[in-house]
Amino acid sequence: MRFEILRLDDVDGSALDSTVVDAASVNRIVQQAAAVGQRILIRPAESASC
């Protein structure tokens, strides 16, 4: 499964940028964000198939 991770602005919570990663990478990214106090939003990535 793939997830979209959005980095959020500290002031207004708007999305600054996003990246799509596999499930194995989510924990590492969460740990990195927590270490520096960065706000993130994690949600399932949209499927590209139609």
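What you see is a predicted model, and the numbers here were worked out from it, not measured in a lab.

**Student:** Just checking my understanding: could you explain the sheet that holds strand β1 (residues 2-8) for this structure?
**Tutor:** Two pairing modes exist for strands in a sheet, parallel and antiparallel, and in both the strands are linked by backbone hydrogen bonds. On the basis of which strands lie adjacent, the open sheet formed by three strands has the order β2-β1-β3 and antiparallel pairing. Taken across any chain shown, the strands that pair with only one partner, and hence form the sheet edges, are β2 (15-22) and β3 (40-44). Ignoring which end each strand starts from, the neighbouring axes of this sheet average 20 degrees apart. The pairing of β1 with β2 spans seven bridges and is antiparallel.

**Student:** I keep staring at the pattern of salt bridges and nothing clicks. Help me out?
**Tutor:** In a structure, side chains of opposite charge can pair up when their charged atoms sit close to one another. Scanning the entire structure with this criterion turns up two salt bridges. Here Glu 4 and Arg 43 are joined by a salt bridge, their closest N and O atoms 2.9 Å apart. Here Arg 43 lies in strand β3 and Glu 4 lies in strand β1, a separation of 39 residues in the sequence. The class of Arg 43 is partly exposed, set by a relative accessible area of 38%. Taking the shortest distance from any N to any O, the salt bridge between Asp 17 and Arg 7 comes out at 3.0 Å. Placement of the pair is Asp 17 in strand β2 and Arg 7 in strand β1, with a sequence separation of 10 residues.

**Student:** What's the story with helix α1 (residues 23-36) in this structure? I'm lost.
**Tutor:** Three- or four-residue spacings in an α-helix give side chains the same orientation, since the helix completes a turn every 3.6 residues. Among the residues of α1, those classed as buried are Ser 25, Val 26, Ile 29 and Ala 33. Buried residues of α1, seen end-on, are gathered within an arc of 110 degrees and therefore sit on one face of the element. Away from its buried face by more than 90 degrees, α1 exposes Ala 24, Asn 27, Ala 34 and Ala 35. Those residues of α1 that are buried lie in contact with β1, β2 and β3. In the stretch just after α1, Gly 37 is the one whose phi turns positive, near 75 degrees.

Conventions used here
- Residues numbered from 1 in each chain as written.
- Predicted model: local features only at pLDDT ≥ 70, side-chain atom pairs only at ≥ 80, totals over all residues.
- Heavy atoms only, no water.
- Pairing = 2+ DSSP bridges.
- Helix = DSSP H or I, 4+ residues; strand = E, 2+ residues; numbered from the N terminus.
- Axes fitted to C-alpha atoms, helices over the stretch in contact; angles between N-to-C directions.
- Salt bridge = Lys/Arg side-chain N within 4 Å of Asp/Glu carboxyl O.
- Buried < 20%, exposed > 50% of the residue type's maximum accessible area, 1.4 Å probe, protein only.
- Arc of directions from axis to C-beta.
- Contact = heavy atoms within 4.5 Å.

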